[in-house]
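Listed below, chain by chain, are the residues.
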Amino acid sequence: MKRWQRKDLLGIQELSVAEINFLLNSAQAFKQVGKRSVKKVPSLRGKTVVNLFIEPSTRTRTSFELAATRLSADVINITANASSLVKGETLKDTALNLQALHADVIIIRHSAAGAPHFLAPLLKASVINAGDGAHEHPTQALLDAFTILEKKGKIAGLNITILGDILFSRVARSNIWLLTKLGANVTLAGPSTLVPRVFEQFGCRVTHNIDDALRDADVVNLLRIQHERQRQTLFPSIGEYTTMFGLNKERFARLKPDAMIMHPGPINRGVEIDSEVADCERSVILEQVTNGLAVRMAVLFLCSGGQAVES
Ligand code: CP
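Residues numbered from 1 in each chain as written. Predicted model: local features only at pLDDT ≥ 70, side-chain atom pairs only at ≥ 80, totals over all residues. Heavy atoms only, no water.

**Some words on the overall build of the protein chain**
Check the secondary structure of the protein chain and you find eleven helices and nine strands. Against the 2.2 N^0.38 benchmark of 19 Å for 311 residues, the protein chain shows a C-alpha radius of gyration of 19 Å, consistent with a compact globule. Principal-axis analysis of the C-alpha atoms places the extent of the protein chain at approximately 55 × 45 × 35 Å. Residues counted as buried form 55% of the 311 residues belonging to the protein chain. Computed over 37 positive and 30 negative side-chain charges, the inter-centroid distance for the protein chain is 5 Å. (Helix = DSSP H or I, 4+ residues; strand = E, 2+ residues; numbered from the N terminus. Rg over C-alpha atoms; globule rule 2.2 N^0.38 Å. Buried < 20%, exposed > 50% of the residue type's maximum accessible area, 1.4 Å probe, protein only. Lys, Arg positive; Asp, Glu negative; His and termini not counted. Charge placed at Lys NZ, Arg CZ, Asp CG, Glu CD.)

See below:
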């Protein structure tokens with residue numbers, strides 16, 4: 001693949017392997033930019049990037065803001081409570097008004113699955129999905145893949161376990177689509193209420209036995225319980241969840257010696273992961289955050305029409 005063709009990044013599901021590799025290779029170039037004394041490039045000078053976050057975020061919002069700043073774009077941040085959405089303005093009208101102010105890129109996080117897909121055909125501006133409901137979080141999956149490639153040198157053939165609340169996780173869905181496209185053996189694990197067997201249709205193995213899930217794992221990606229999207233009680237208590245499915249020191253000690261620990265954040269220490277495990281040498285949780293910057297620079301650059309990294 002020689003040129004990036006998409007104006008929007010809405011999800012991983014619709015991307016080809018060539019497009020995923022093109023994005024990851026571009027992110028590699030931007031990671032090098034981040035190692036220079038002057039970490040800024042003029043690629044998006046004169047462009048306006050809007051962060052439209054209708055759900056809370058620490059990592060994704062700041063990472064997109066910093067990525068756009070390092071590309072020399074002008075950046076505007078909008079949160080739901082500080083916007084006219086609370087006065088009854090529709091999402092479509094909000095986005096059209098931002099475009100009328102010459103926004104070139106609108107990065108959106110929304111609780112409704114499909115919100116970015118609704119906006120993209122209405123706008124000339126690029127639309128980047130920063131998380132839509134329990135549907136997709138494409139840049140998280142890309143930064144996860146980037147980190148695995150950096151640490152393990154490959155994705156094809158790796159045994160990658162995603163452990164936790166799969167049902168309500170957009171990170172899980174984007175990771176499943178990306179990792180299976182790139183040839184990983186993906187195992188999904190957790191309570192049966194949160195990891196239904198229907199996920200097997202995506203080419204994954206499903207298990208509700210944590211020892212089975214961890215035994216051969218090269219990578220363990222932990223997910224928190226997404227309380228904000230659950231409308232009913234799906235397991236007896238947090239304590240029982242931790243006992244049954246938490247990655248504690250004892251379970252960590254039984255992993256393969258080179259198994260790597262990942263988590264998209266925010267982590268709930270003492271629930272899905274013990275502090276000792278989260279902070280250990282084989283945890284790459286903060287490196288994921290660092291790599292997110294390079295990945296988001298690449299996404300902003302390519303969706304804005306860039307093709308080669310400028311110095
Ligand atoms: N991983 C992630 O999306 O974190 P935030 O919710 O803090 O953006």
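What follows picks up the thread again.
**Considerations on the packing of helix H5 (residues 138-152) against helix H6 (residues 170-181)**
The N-to-C vectors of H5 and H6 enclose an angle of 50 degrees; their axes lie 8 Å apart at closest approach. Considering their axes alone, H5 and H6 lie oblique with respect to each other. Every pair of crossing elements has a handedness; the one defined by H5 and H6 is right-handed. Across the interface between the two elements, Pro-138, Gln-140, Ala-141, Leu-142, Asp-144, Ala-145 and Ile-148 of H5 pack against Val-171, Ser-174, Asn-175, Leu-178 and Leu-179 of H6. Here the residues of the contact of H5 with H6 are counted per class, giving eight nonpolar, three polar and one charged. (Axes fitted to C-alpha atoms, helices over the stretch in contact; angles between N-to-C directions. Parallel < 35°, antiparallel > 145°, perpendicular 65-115°, else oblique. Left-handed = near helix turned anticlockwise from the far one by under 90°. Contact = heavy atoms within 4.5 Å. Nonpolar A, V, L, I, M, F, W, Y, C, P; charged D, E, K, R; others polar.)

**Re the side chain of Ser-169**
Relative to the helices and strands, Ser-169 is located in the loop between strand E5 (159-163) and H6. Residue Ser-169 is classed as buried on the basis of its relative accessible area of 1%. There is a polar contact of 2.9 Å between the side chain of Ser-169 and the backbone nitrogen of Ala-172. Ignoring sequence-local partners within four residues, the contact set of Ser-169 consists of Ala-134, Leu-223 and Gln-226. (Polar contact = N/O pair within 3.5 Å; in protein donor to acceptor, adjacent residues only side chain to side chain.)

**Section: the site of the ligand**
All residues adjacent to the ligand are Ser-57, Thr-58, Arg-59, Thr-60, Arg-109, His-137, Gln-140, Pro-264 and Gly-265. A distance of 3.0 Å separates a nitrogen atom of the ligand from a polar atom in the side chain of Gln-140. Burial of the ligand by the protein chains amounts to 91% of its free accessible area of 260 Å². In this structure, the ligand is accommodated by the largest pocket. (Near = heavy atom within 4 Å. Areas by Shrake-Rupley, 256 points an atom, 1.4 Å probe, with all protein chains shown as cover. 1 Å grid on protein atoms, 1.4 Å probe; cavity = no way out; pocket = protein on both sides within 12 Å on 5 of 7 lines; lining within 4 Å. Sits in = over half its atoms within 2 Å of the grid points.)

**Some points on the packing of aromatic side chains**
Applying the stated criterion across every chain yields a total of five aromatic pairs. Relative to Phe-245, the ring of Tyr-241 lies with its centre 5.8 Å away and its plane at 35 degrees, an arrangement referred to as tilted. Of the two residues, Tyr-241 and Phe-245 both sit in helix H8 (residues 238-245), four residues apart, roughly one turn of that helix. Accessibility expressed as a relative area gives 2% for Tyr-241, which makes it buried. Above the ring of Phe-64, the side-chain terminus of Arg-296 is found at 5.1 Å from the ring centroid. (Phe/Tyr/Trp six-rings, centres within 6.5 Å; stacked < 30°, edge-to-face > 60°. Lys NZ or Arg CZ within 6 Å of the ring centre and 35° of its normal.)

**Considerations on the sheet that holds strand E3 (residues 105-110)**
Reading across the sheet, the four strands line up as E2-E1-E3-E4 and stay open at both edges, with parallel pairing between neighbours. Bordering the open sheet on either side are strand E2 (74-79) and strand E4 (126-132), each of which pairs with just one other strand. Across this sheet, the average inter-strand angle for adjacent strands is 15 degrees, counted without regard to direction. Across five bridges, the pairing between E3 and E4 is parallel. Within E4, the position partnered with Val-105 by the bridge is Ser-126. (Pairing = 2+ DSSP bridges.)

**A look at the pairing of E2**
Looking at chain direction, strand E1 (residues 48-53) and E2 are connected through six bridges and run parallel. Each residue of the ladder has a partner; that of Leu-52, found in E2, is Ile-78. Handedness of the E1-helix H2 (residues 59-70)-E2 crossover: right-handed. (Right-handed = clockwise from strand over helix to strand, strands pointing away.)

**Considering the layout of surface pockets**
Looking at the largest pocket, its volume works out to about 360 Å³. In terms of lining residues, the largest pocket is bounded by 21 residues, among which Arg-109, Arg-170, Arg-224, Gly-265 and Pro-266 are the most central. Breaking the lining of the largest pocket down by element, the ones donating at least two residues are H2 and H6. A breakdown of the residues in the lining of the largest pocket according to their chemical character gives five nonpolar, nine polar and seven charged. Here the lining of the largest pocket gathers at least three residues from each of two domains, domain 1 (17-136 + 292-303) and domain 2 (138-289). (Points joined across faces, edges and corners; volume = space filled by probe spheres on them. Domains from an automatic or database assignment.)

**Looking at H2**
Under the 1.5 Å per step criterion, the end-to-end length of H2 is 16 Å for twelve residues, consistent within 8% with the ideal 16 Å. Listed as buried for H2 are Thr-60, Ser-63, Phe-64, Ala-67, Ala-68 and Arg-70. The arc enclosing the buried residues of H2, seen along the axis, measures out at 160 degrees, which places them on a common side. Directly after H2, the chain includes Ser-72, whose backbone phi takes a positive value near 75 degrees. (Expected span 1.5 Å × (residues − 1). Arc of directions from axis to C-beta.)

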